[in-house]
Amino acid sequence: MTRHGLHRITRLRNGPRRKAIAIGVVGGSVVAGIVATMMPLLASDDVSIRAVADTTATMVSQDGDNSTKGTLATCAARCDGNPRGGREAVVEFAVTTLPAAAVNVRATLRMHAWQQFAATVTAHASSVSAREARPAPAKAGTVLDTVTGVAKGVNEWDVSKLVTGNGTWTVSLAQTGLETRVYWASVENRNADLRPSLVISYDLGSGPTSAPTTRPAPTPTVAPTTAAPRPTPTVAPTRTPTPTGSPTLPSGKCGQVSDTLVPSCGAWWGMYSPANAGSGWDHGKAITDVEAQVGRKFDIVHRYHDFSNAGSNGAFPDAYEQEQMRQGRLMFFAWESRDFSAGTTLKWSDVYGGRQDATIDAVAGRIRAAKVPVFIGFDHEPEDEPGKGSDADFVRAWKYVYERFAKAGADNAVWVWTMMGWSGHYSRYAGLYPGDRYVDWVAYDPYNFHVCNGSTVWKSPSTTVDGFYRWLDENGIGAGKPRMLAEFGTNFDAKDPSAKQRWFQEFPAALKAHPKIKAAIYFNSAGMTSRTATCDMTMNHDAASVAGFAQAGKDEYLRQPTGGSN
């Protein structure tokens, strides 16, 4: 799990990183004119629309937009002793691809300031052109939102009153209460992360596209106890890959599993729950404790491993995972080209250059020896790993690892290609895809970060998972392959204590509306976020959240009659 914003925080220990969208701040009397072409607005991460035009509206000659300035300015009507020194910032957006069924459109303007100021900045609908070099300020339009006190970093305005659907929208920001200039990053700023942006999310007004198939409820082999249930499972069939790598889908009644672990009905329900020093790094207990809380066994257990080829970090499957497989759980190994304990990171050229062959072959041998199908992914979220090499380097390394596994006879490895699914990287995903022959499942990591990433937007489960799902449909990457939420999660809403519980309760319906998603794995960790009074991404941070998650796990759509969900 990583977050795209003002800061990047590397996960402690062995977790992945994830991005979410952060948007710059507009301050003062800035009239910001942002014109951007947006990707489909159903977003796994909120869709970030970048400004293509902005300007400072002013009568002062040294301000304005000369196409090279990296800043916009805002100031009160009387500014720095000049009674006609007022400045506003103008930003224009072109929203073009909202679907007809989009409802509850939420739009947030975000801009970046470098200092904190005791100024009040109000966003208005604007008639000023953001394309002029130095337009005169105009009469303010409809008030949209006000920020009292400019913060250092990202500031946000709710502009949902203006941005109600497709169209061209212009926002102006006017400053009062401080008679000196506040500067904001403009579209010409060299740091793209600081440029003005708009975050849009929405819900779909239509119902699920396909109703779940009714399946017989599984029969537990062990009655629930205070510890997690430990039934004897029906093990999924040994995988025999096809030459092209295309999936062989199960047919017939529910309860069947394909050679690439695709369930014939519904979806797998999984969990990543990290061990800690307090439990003696017991990775088995980390899962069974959560299972006891929610009253069921998870179908999939997700673990992150490194290239050390030693201990629980690198010598996998370890004893905990072997026991979990014996108990009927499916394992998903996220294999990262780094050494967690040493804190070092490999380059992809180290992998395809042959310098890691001994480690690759050792892991392939242990996977082969497991004798049951396992999910495995090489370097999840590679788009957030610029230090490892280019996109082409990633693809080359992926293929290299895949081929060495094939050579070692590890045909029970089911390959999961995991991306962040962030709209800011849509242009890169085709270049990061190794090809259908080398991929069995397509996965991504959607989150409802809410205020954890500085946003005020609350995304429903359907909105959370929809963006990259639809992008995949529209662009044909991994066409016909099953999809997985390799990580997903949600924050809570401090203003609505029951929101997180409802989010979990609504989650099965979101999966049913996205039937290509055949597995969903909760990332039960703070990850790169910090637990605060308004941010906690863990599933079990309070009793109501646990109750909601437990209810989701009881839905027939997520209870596979194959031995793993009793």
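For the structure itself, look to the data block above.
Visitor: Before we move on, could you go through the side chain of Asp-357 and cite the residues and values that matter?
Guide: Of note, Asp-357 is situated in helix H5 (residues 357-370). The class for Asp-357 is buried, based on a relative accessible area of 18%. Engagement of the side chain of Asp-357 in a polar contact is seen with the side chain of Arg-404, the distance being 3.4 Å. Once residues within four sequence positions are removed from consideration, Asp-357 is found in contact with Val-351, Tyr-400 and Arg-404.

Visitor: Account for the nonpolar core, with residues named and values stated.
Guide: Core analysis: the biggest nonpolar cluster contains 70 residues, and Phe-405, Trp-417 and Tyr-429 have the highest contact counts within it. Each residue touching Phe-405, except ones within four places of it in the same chain, is listed here: Trp-335, Ile-360, Val-363, Ala-364, Ile-367, Ile-376, Ala-410, Ala-413 and Trp-415. With 35 residues, the next largest nonpolar core counts Phe-117, Val-163, Trp-169 and Val-171 among its residues.

Visitor: Give me the lowdown on the side chain of Ser-337, citing residues and values where you can.
Guide: For Ser-337, the position within the fold is in the loop between strand S14 (330-335) and strand S15 (338-339). Polar side-chain contacts of Ser-337 include one of 2.9 Å to the side chain of Lys-388. Among residues more than four places away in sequence, those in contact with Ser-337 are Phe-307, Thr-345, Leu-346, Trp-348, Val-351, Phe-378, Asp-379 and Lys-388.

Visitor: An account of the pattern of salt bridges is requested, with residue identities and associated values reported.
Guide: One pass over the full model with this rule turns up 22 salt bridges. With its nearest N and O atoms 2.5 Å apart, the salt bridge here joins Asp-391 to Arg-428. Of this pair, Asp-391 sits in helix H6 (residues 391-407) while Arg-428 sits in the loop between strand S18 (413-419) and helix H7 (429-432), and the two are 37 residues apart along the sequence. Among the ionic pairs, Arg-502 bridges to Asp-496, the shortest N-O distance being 2.6 Å. Residues joined by salt bridges that share partners form a network here, namely Arg-303, Asp-318 and Glu-321.

Definitions and cut-offs
- Residues numbered from 1 in each chain as written.
- Predicted model: local features only at pLDDT ≥ 70, side-chain atom pairs only at ≥ 80, totals over all residues.
- Heavy atoms only, no water.
- Helix = DSSP H or I, 4+ residues; strand = E, 2+ residues; numbered from the N terminus.
- Buried < 20%, exposed > 50% of the residue type's maximum accessible area, 1.4 Å probe, protein only.
- Polar contact = N/O pair within 3.5 Å; in protein donor to acceptor, adjacent residues only side chain to side chain.
- Contact = heavy atoms within 4.5 Å.
- Core = buried A, V, L, I, M, F, W, Y, C linked by side-chain atoms within 4.5 Å.
- Salt bridge = Lys/Arg side-chain N within 4 Å of Asp/Glu carboxyl O.

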